[in-house]
Amino acid sequence: MTHQHHPFAKPATNYAEQVAILERRGMRVDDHAAAEFYLQHLNYYRLSAYWLPFETTHAPHAFAPGTRFTDALNLYLFDRNLRLLMLDAIERVEVSIRSQWAYQMSHRHGPHAYLDASLAANRGRWESNLAKLEKEVQRSDEVFIRHLLATYSEKLPPAWAVCEVMSLGLLSRWYGNLKPMPTRSAIASVYSVNERVLGSWLHHLTTVRNTCAHHGRLWNREFTVTPLIPKTKPLSLQHQFQPGSRRLYNTLTILLHCMDIVAPQHSWRRRLKTLIEQHSPPTRAMGFPPQWDQFQIWQ
């Protein structure tokens, strides 16, 4: 059976009409002016992802009795603040791993070690990573990059400078393609995990960061790139994860573990718990286990 394509026939609706549609479907809108204001600045289609959990049927659309516009808005605001918190932690972890990559590469293999194809596990991947890195360096308007390129004969700066203009995705690819096991392990050991686990965490955090950077829905998303759960090292950490989960809980566990290492005085754990208390999102939809706040990682 073939699916028949037909032209899109829905007309655009104004804000008052959008509110009326929601009310027809069983949503309670106590303040029409406020609802129209949020629809104007947030987009009906964008907000619809946040009232989806309140629908009892999707075709036709109908909301569970007692669903209020403010419930969907609350989830939206929670998600927005969650993205900002995630970006804050990911930045600190990324800066740390970048710094370790540069330190271990240059101390073990020389300042321009990343230009050495023999240190790459896969030659083709190394070539495409290098081409991407050259583009990122050319695009950079950092004074230190300009200075190094103008002063020295190498076409790219040393590892400790180049890592500063590297995206997280590129760092992840570079680490993933790094051949010398002692170097991979030296970087990973700073975070108390083995090199395979760190590689998978970098890959996973890249996809999470991209969701945050593009303002995508985060709180109940199912991730296609999932992180490995450490098996033996460190032993206590293994039991903090939810095995087989594709949701955000495991990401938060990774970030809490890493933040304790890279910023021991951080307030991130407290800010995260406060955000959850303020908005009371359905934590099960985020992959949280029952009694999650009793787990050691949350203390």
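Everything discussed here concerns the structure shown above.
A brief look at the structure comes next. Since we're looking at a predicted model, the values are computed, not measured.

Overview of unusual backbone geometry
Next up, step 1: For the bond running from alanine 59 to proline 60, omega is -5°, close enough to zero to count as cis.
Next up, step 2: Within the secondary structure, proline 60 sits in the loop between β1 (55–58) and β2 (61–63).

Focus: the pattern of salt bridges
Next up, step 1: Tallying each qualifying case throughout the model produces 12 salt bridges.
Next up, step 2: In this structure, the salt-bridge partner of aspartate 79 is arginine 83, at a minimum N-O distance of 2.9 Å. Taken together, the positions of aspartate 79 and arginine 83, both in helix α4 (residues 69–109) and 4 residues apart, correspond to about one turn of that helix. Across this residue pair, the class does not change: aspartate 79 and arginine 83 are buried.
Next up, step 3: Glutamate 134 is the partner of lysine 155 in a salt bridge, and the nearest nitrogen-oxygen pair spans 2.7 Å. Linking lysine 155 in the loop between α6 (143–151) and α7 (159–162) with glutamate 134 in helix α5 (residues 123–139), this pair joins segments that are 21 residues apart in sequence.
Next up, step 4: For lysine 155, a relative accessible area of 57% puts it in the exposed group.

Overview of the packing of helix α3 (residues 44–51) against α4
Next up, step 1: Where α3 contacts α4, the axes come no closer than 8 Å and their chain directions differ by 100°. The angle between α3 and α4 falls in the class roughly perpendicular. Counted together, Arg46, Leu47, Tyr50 and Trp51 of α3 and Phe69, Ala72, Leu75, Tyr76, Asp79 and Arg83 of α4 form the full contact between these two elements.
Next up, step 2: Here the residues of the contact of α3 with α4 are counted per class, giving 7 nonpolar, no polar and 3 charged.

As for the environment of tyrosine 76
Next up, step 1: Note that tyrosine 76 resides in helix α4.
Next up, step 2: Along the backbone, tyrosine 76 and tryptophan 51 are 25 residues apart, and their C-alpha atoms lie at a distance of 9.0 Å.
Next up, step 3: Ignoring sequence-local partners within four residues, the contact set of tyrosine 76 consists of Leu42, Arg46, Leu47, Tyr50 and Arg83.

Some points on the packing of α4 against helix α8 (residues 168–176)
Axes are the key here: two packed helices are described by the angle between their axes and the distance separating the axes.
Next up, step 1: Two elements in contact, α4 and α8, have axes whose closest approach is 11 Å; the angle formed by their N-to-C orientations is 40°. One way to sum up the angle between α4 and α8 is to call them oblique. Crossing of α4 against α8: the hand is left-handed. Here α4 contributes Ile90, Glu94, Ile97, Arg98, Trp101 and Met105 to the contact with α8, which in turn contributes Leu168, Leu171 and Trp174.
Next up, step 2: Taken together, the residues of the contact of α4 with α8 sort by class into 7 nonpolar, no polar and 2 charged.

Topic: α5
Next up, step 1: Its 17 residues place the ends of α5 24 Å apart at the C-alpha level, agreeing with the 24 Å of an ideal helix rising 1.5 Å per residue.
Next up, step 2: All of the buried residues in α5 are Trp126, Asn129, Leu130, Leu133, Glu136 and Val137. In a view along the axis of α5, the buried residues occupy a sector of 125°, so they form one face of it. Of the exposed residues in α5, the ones pointing more than 90 degrees away from its buried face are Lys135, Gln138 and Arg139.
Next up, step 3: Of the surrounding secondary structure, the elements contacted by the buried residues of α5 are α6, α7 and α8.
Next up, step 4: Where α5 begins, one side-chain oxygen reaches toward the backbone nitrogen of glycine 124, 3.0 Å away; that side chain belongs to asparagine 122.

Some words on the nonpolar core
Next up, step 1: Judged by nonpolar contacts, the single largest core of 85 residues is most densely connected at Trp51, Leu82, Met86, Trp101, Tyr114, Trp174 and Trp268.
Next up, step 2: Top element by residues in this core is α4. It accounts for 16 residues.

Some details on helix α2 (residues 32–42)
Next up, step 1: Within α2, the full set of buried residues consists of Ala35, Leu39 and Leu42. Each buried residue of α2 lies within a common arc of 90° when the element is viewed along its axis, so the set occupies one face. Exposed side of α2, more than 90 degrees from the buried face: Ala33 and His41 are the residues found there.
Next up, step 2: Structurally, α2 contributes buried residues whose contacts are with α1 (15–24), α3 and α4.
Next up, step 3: The positive-phi residue at the C-terminal boundary of α2 is asparagine 43, with phi of around 80°.

Rules used throughout
Residues numbered from 1 in each chain as written. Predicted model: local features only at pLDDT ≥ 70, side-chain atom pairs only at ≥ 80, totals over all residues. Heavy atoms only, no water. Helix = DSSP H or I, 4+ residues; strand = E, 2+ residues; numbered from the N terminus. Salt bridge = Lys/Arg side-chain N within 4 Å of Asp/Glu carboxyl O. Buried < 20%, exposed > 50% of the residue type's maximum accessible area, 1.4 Å probe, protein only. Axes fitted to C-alpha atoms, helices over the stretch in contact; angles between N-to-C directions. Parallel < 35°, antiparallel > 145°, perpendicular 65-115°, else oblique. Contact = heavy atoms within 4.5 Å. Nonpolar A, V, L, I, M, F, W, Y, C, P; charged D, E, K, R; others polar. Left-handed = near helix turned anticlockwise from the far one by under 90°. Expected span 1.5 Å × (residues − 1). Arc of directions from axis to C-beta. Polar contact = N/O pair within 3.5 Å; in protein donor to acceptor, adjacent residues only side chain to side chain. Core = buried A, V, L, I, M, F, W, Y, C linked by side-chain atoms within 4.5 Å.

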